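# Inside the fold
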Amino acid sequence: MTHYENNTIVLAKHPEGPLQLSDFRNQTTSVRALEPGEFLIANQWLSLDPYIRSRLNYSTDYVSSVQCGDVIAGETVGVVVASRNPNFNKGDKVFAYSGWQQYHISNERDFIVHTLPQVDLPDTVFLNTVGTPGRTAYFGMTRIAKPQAGETLVVSAASGAVGSTVGQIGKMAGCRVVGIAGSEKKCRYVVDELGFDICINYHDSDFKHQLRRACPAGVDIYFENVGGRISVLVAQLLNDGARVPVCGNAANYDRASEIAASSPADFFSSLPNPPANRFFLVTEWFKDYPESDAWLINALRDGKLKYRETIVDGLEKAPQAFIDLLNARHFGKQIVKIK
């Protein structure tokens with residue numbers, strides 16, 4: 001096998017409060033020889049996802065933490081450059097949970113690894129609308145929210161990879177869709193390009209009043225991505241029979257070394273008239289991924305789903321790009337192009 005030097009980004013220390021560049025460290029190691037059943041992936045694209053932030057803390061309440069010295073977790077798309085596995089051939093494009101690194105030795109026992117379907121879509125879409133963000137939106141809506149025509153759906157982080165897909169699925173179901181985003185530019189995109197009925201900038205001084213005006217009939221579904229103040233204000237508008245899929249708690253990830261990603265569900269459950277709500281992980285429906293992937297691919301091909309990406313060039317820029325993502329300085333899905 002050709003000799004390969006693997007560029008990686010590892011966790012230097014567990015962050016205390018807001019994430020810093022000093023919490024990461026670049027590292028180079030030699031790739032060892034393959035054993036029978038293994039194959040080597042040269043990663044080309046890396047997904048940056050907010051949920052990884054909680055895994056960098058000393059402890060989390062629902063998944064294992066990344067330990068100091070470990071490669072940062074993350075999903076990738078790459079190409080097989082060497083193989084001792086008859087089911088993965090040199091040149092195959094593959095999705096894997098490789099982490100923040102240039103090369104990854106994989107085998108069929110990996111948590112998630114599969115060849116990409118041969119469809120006329122960009123490879124990056126398998127880290128976006130036909131990847132974890134799209135599946136999260138699909139299962140959160142179809143399994144928990146169960147939207148009905150005429151209902152009001154509110155989506156936080158509406159211009160992001162998950163939120164943008166949630167809102168478009170809601171429109172397909174006949175809902176009135178109200179987005180919440182962090183800039184006027186993002187709000188215009190959500191309404192003008194994605195087709196939401198309205199989008200509100202949560203930085204506006206009269207955000208609370210705008211939200212009430214946008215939901216004259218109350219809120220039937222709130223798709224929770226951020227937690228914090230927005231959750232409190234939406235909770236005041238929830239109708240009887242409302243549903244709240246809890247996807248994340250992004251507003252609080254940086255506030256302490258041990259943050260429960262599921263804490264918005266605790267908040268909604270504590271209300272005097274609590275909505276049907278629960279924190280969920282997309283892997284709960286792992287066996288149903290073929291169903292979601294087929295639906296999402298068809299929706300993209302038919303022009304029913306649109307998406308936007310922010311591409312950062314170079315693995316070494318991943319830490320800053322991740323910090324930018326957590327501070328909403330991105331647009332759509334944040335992806336790193338690995339040189």
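These remarks concern the structure in this document.

Before going further, it helps to examine the pairing of strand E3 (residues 39-47). Two faces belong to every sheet, and in a regular strand the side chains alternate between them. Counting buried positions over the nine residues of E3 gives eight, a clear majority of the element. As paired strands, E3 and strand E4 (residues 76-83) are joined by seven bridges and run antiparallel to one another. Note on E4: the bridge partner recorded for Trp45 is Val77. Note: E3 against strand E6 (residues 103-106), four bridges, orientation antiparallel. Paired with Leu40 across the bridge in E6 is Ile105. Relative to strand E15 (residues 333-337), E3 runs antiparallel, the two being bridged by three bridges. Following the sheet pairing, Leu46 is matched in E15 by Val336.

Moving on to the pattern of salt bridges. Scanning the model with the defined rule gives 15 salt bridges in all. For Asp293, the salt bridge goes to Arg135, with nearest N and O atoms at 2.8 Å. In this pair, Asp293 is assigned in helix H8 (residues 289-301) and Arg135 in helix H2 (residues 132-145), connecting sequence segments 158 residues apart. Here Asp293 matches Arg135 in class, with each residue buried. For Glu193, the salt bridge identified is with Arg308, shortest N-O distance 3.1 Å. Here Arg308 lies in the loop between H8 and strand E14 (309-313) and Glu193 lies in the loop between helix H4 (184-192) and strand E10 (198-201), a separation of 115 residues in the sequence. Assessed through its relative accessible area of 39%, Glu193 is described here as partly exposed. A residue is classified by how much of its surface remains accessible, and Arg308, at 28% relative accessible area, is partly exposed. Three or more residues are tied together by salt bridges with common partners; here these are Arg143, Lys287, Asp288 and Glu291.

Conventions adopted
- Residues numbered from 1 in each chain as written.
- Predicted model: local features only at pLDDT ≥ 70, side-chain atom pairs only at ≥ 80, totals over all residues.
- Heavy atoms only, no water.
- Buried < 20%, exposed > 50% of the residue type's maximum accessible area, 1.4 Å probe, protein only.
- Helix = DSSP H or I, 4+ residues; strand = E, 2+ residues; numbered from the N terminus.
- Pairing = 2+ DSSP bridges.
- Salt bridge = Lys/Arg side-chain N within 4 Å of Asp/Glu carboxyl O.

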